[in-house]
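Structural overview for review
Residue strings, one per chain:
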Amino acid sequence: MLINNVTLKKAITGYIGWWLFWIFIQAIVLHRMGWNWQISFTDAAISNALLALAGFVTENTYRFYQPGVGNRLQRMGYSIVLTIAYMYCLNWLLGKVFQDNFDYLKFIDQSLPIRYTFALLMIALMTVISWLFFFMKEQGENKRRKEEAEKLLREAELNTLRQQLQPHFLFNSLNSISSLAGSKPEEARKMIQQLSDFLRGTLKKDEQQLVLLSEELQHLNLYLEIEKMRFGNRLKTEVKCDAEAEKMKLPALLLQPLVENAIKFGLYDTLEEITISIAATAQEHQLKIEIKNPFDASTSRPKTGVGFGLNSVQRRLHLIYARQDLLSIQQIENTFISTLLIPQKND
């Protein structure tokens with residue numbers, strides 16, 4: 001992850017600020033112990049410069065190496081080793097700088113336990129902060145990659161579900177066209193044109209996740225016209241949609257498998273005329289769509305949600321909205337009802 005110039009400048013400014021702050025604090029402590037300002041600031045500057053270097057080493061160590069969450073001994077050992085190295089360098093540098101000041105050299109020897117304890121606490125704190133920062137960063141990257149992978153899988157599955165709905169409908173339509181070609185060529189040509197328009201619209205919608213209900217109903221009408229060509233006067237449809245519902249959105253190509261399911265259970269086991277009704281209403285923050293079809297209980301046994309079309313709709317809704325309660329199926333006397341609830345996002 002690249003850091004922009006503004007962020008880098010703020011980080012550098014913050015580090016310098018903290019470094020100067022601790023130099024000032026340590027210089028005041030040394031001055032109150034009786035040492036002059038020059039000695040106090042020199043000692044403080046050297047001590048904190050080495051601490052800053054230790055912090056830099058620690059940050060880069062954990063940038064490229066991440067011990068496990070439970071590996072506390074590693075972090076503790078690292079802090080102790082780095083503190084020993086810090087004390088060796090500090091003692092050597094202060095000895096060189098104050099080699100002619102025997103009183104201060106004696107003071108340095110006496111203050112080594114305190115310096116070591118303070119350095120160990122500071123380096124341990126920097127170790128924990130560096131490890132925690134890069135651990136959380138790595139976890140965030142892993143989570144982001146996992147979410148991206150899951151998103152790609154969802155999109156692939158959604159695309160597969162959409163594609164699987166087309167073949168059997170296409171085969172049925174082609175069979176109907178074949179049967180009409182000899183006896184009713186004009187109707188066959190008209191059906192070919194309608195099928196072409198429907199498939200062209202389907203291809204356009206394949207790239208869309210959500211569409212307006214008004215657009216979905218226009219596309220659904222092409223499908224219904226083809227089915228009416230197949231079944232003639234036996235198939236009637238009623239579509240009711242209020243103005244507010246038309247502006248709501250739903251997953252593209254969601255209604256066709258539900259209407260196909262209604263036609264299947266309504267027409268396949270009877271020779272009588274039936275009416276498929278579709279009603280869309282706007283509720284609070286959601287779109288409600290009911291699809292009803294009559295059926296003959298003596299010849300047809302509706303299967304509650306076990307058909308491929310219904311299962312594909314249920315799966316798509318779960319992938320998009322992460323909910324299992326958006327499609328419900330019920331039988332009231334001789335009427336089969338599919339109910340969709342589509343949550344609406346506030347723009």
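Structure's up top.
A brief structural summary. Remember, predicted model here, so these are calculated numbers, not experimental data. (Residues numbered from 1 in each chain as written. Predicted model: local features only at pLDDT ≥ 70, side-chain atom pairs only at ≥ 80, totals over all residues. Heavy atoms only, no water.)

Remarks on the packing of helix α2 (residues 37–64) against helix α3 (residues 72–97)
Interaxial distance between α2 and α3 falls to 10 Å at its minimum, and their mutual angle equals 150°. As far as their axial angle goes, α3 and α2 are roughly antiparallel. Considering only the axes of α2 and α3, their crossing is right-handed. Together, T42, D43, I46, S47, L50, L51, A54, V57, T58, T61 and Y62 of α2 and Q74, R75, Y78, L82, Y86, C89, L90, L93, L94 and V97 of α3 make up the contact between the two elements. (Axes fitted to C-alpha atoms, helices over the stretch in contact; angles between N-to-C directions. Helix = DSSP H or I, 4+ residues; strand = E, 2+ residues; numbered from the N terminus. Parallel < 35°, antiparallel > 145°, perpendicular 65-115°, else oblique. Left-handed = near helix turned anticlockwise from the far one by under 90°. Contact = heavy atoms within 4.5 Å.)

Comments concerning the side chain of T127
The topology assignment puts T127 in helix α4 (residues 102–164). Here S79 takes part through its side chain, which lies 3.3 Å from a polar atom of the side chain of T127. Apart from the residues within four sequence positions on either side, T127 is in contact with T58, Y62, R75, Y78 and S79. (Polar contact = N/O pair within 3.5 Å; in protein donor to acceptor, adjacent residues only side chain to side chain.)

As for the nonpolar core
By size, the foremost hydrophobic cluster in this structure holds 47 residues, and its most contacted members are I289 and L340. The element best represented in this core is helix α7 (residues 213–231), accounting for eight residues. Judged by nonpolar contacts, the second largest core, of 24 residues, contains L30, L82, L90 and I123. (Core = buried A, V, L, I, M, F, W, Y, C linked by side-chain atoms within 4.5 Å. Buried < 20%, exposed > 50% of the residue type's maximum accessible area, 1.4 Å probe, protein only.)

Focus on the sheet that holds strand β5 (residues 286–294)
Strand order in this open sheet of five strands is β2-β4-β5-β7-β6, and the pairing throughout is mixed. The sheet is open, and its two edges are formed by β2 (235–241) and β6 (327–332), each paired on a single side. Adjacent strand axes in the sheet meet at a mean angle of 15°, parallel and antiparallel pairs treated alike. Looking at chain direction, β5 and strand β7 (residues 335–343) are connected through nine bridges and run antiparallel. Within β7, the residue paired with I289 across the bridge is L340. Contacting β2, β4 (274–283) and β5, α7 crosses the sheet at an angle of about 170° to β2. (Pairing = 2+ DSSP bridges.)

Comments concerning the pairing of β5
Of the strand pairs in this sheet, β4 and β5 are connected by seven bridges, and their pairing is antiparallel. Paired with A282 across the strands is L287, a residue of β5. Following β4, the chain reverses through two residues before pairing antiparallel with β5; H285 in that reversal takes a positive phi of roughly 60°.

Quick look at α2
Every α-helical turn comprises 3.6 residues, leaving residues that sit three or four positions apart pointing alike. Over its 28 residues, α2 runs 41 Å from end to end, which matches the ideal 40 Å to within 8%, given 1.5 Å per residue. If you check the start of α2, you find a side-chain oxygen 3.1 Å away from the backbone N of Q38, and it comes from N36. (Expected span 1.5 Å × (residues − 1).)

Some words on the side chain of S338
As for its placement among the helices and strands, S338 is situated in strand β7. In contact with S338, not counting residues within four places along its chain, are I289, E290, I291, S328 and I329.

Some words on the packing of aromatic side chains
If you walk through the whole model with that rule in mind, you get six aromatic pairs. Summarising the aromatic geometry, the rings of F98 and Y104 are spaced 4.7 Å apart at their centres and angled 55° between planes, so their arrangement reads as tilted. One exposure class covers both F98 and Y104, and it is buried. Among the aromatic residues, those joined into a ring-pair cluster are W35, F98, Y104 and F107. In this structure, K264 packs its charged tip against the face of F265, placed 5.7 Å from the ring centre. (Phe/Tyr/Trp six-rings, centres within 6.5 Å; stacked < 30°, edge-to-face > 60°. Lys NZ or Arg CZ within 6 Å of the ring centre and 35° of its normal.)

Points about unusual backbone geometry
Notably, L253 is not glycine yet its phi reads approximately 60°, a positive angle. Within the fold, L253 resides in the loop between β3 (249–251) and α9 (255–267). By relative accessible area, L253 is classed as buried at 7%. The backbone phi angle of H285 is positive, close to 60°, even though this residue is not glycine. Within the element layout of this structure, H285 appears in the loop between β4 and β5.

Considerations on the pattern of salt bridges
Inspection of the entire model under this criterion finds six salt bridges. Here R189 ties to E186 by a salt bridge, and the two come within 2.1 Å at their closest N and O atoms. Placement of the pair is R189 and E186 together in helix α6 (residues 185–205), with a separation of three residues, close to one helical turn. Since its relative accessible area comes to 47%, R189 is described here as partly exposed. We note a salt bridge from K292 to E290, for which the minimum N-O separation is 3.9 Å. What you see here is one network of salt bridges that share partners, running through K288, E290 and K292. (Salt bridge = Lys/Arg side-chain N within 4 Å of Asp/Glu carboxyl O.)

Some details on the packing of α7 against α9
The packing of two helices is summarised by the inter-axis angle and the distance between the axes. Running from N to C, α7 and α9 point in directions that differ by 30°, and their axes come no closer than 10 Å. The orientation of α7 relative to α9 falls into the category roughly parallel. With respect to the hand of their crossing, α7 and α9 are arranged in right-handed fashion. Every residue of α9 that contacts α7 at L213, E216, L217, L220, Y223, L224, E227 and F231 is listed here: L255, Q256, V259, E260, I263 and L267. Its residues assigned to classes, the contact of α7 with α9 comprises 10 nonpolar, one polar and three charged. (Nonpolar A, V, L, I, M, F, W, Y, C, P; charged D, E, K, R; others polar.)

Any functional reading would require information that these geometric values do not contain.
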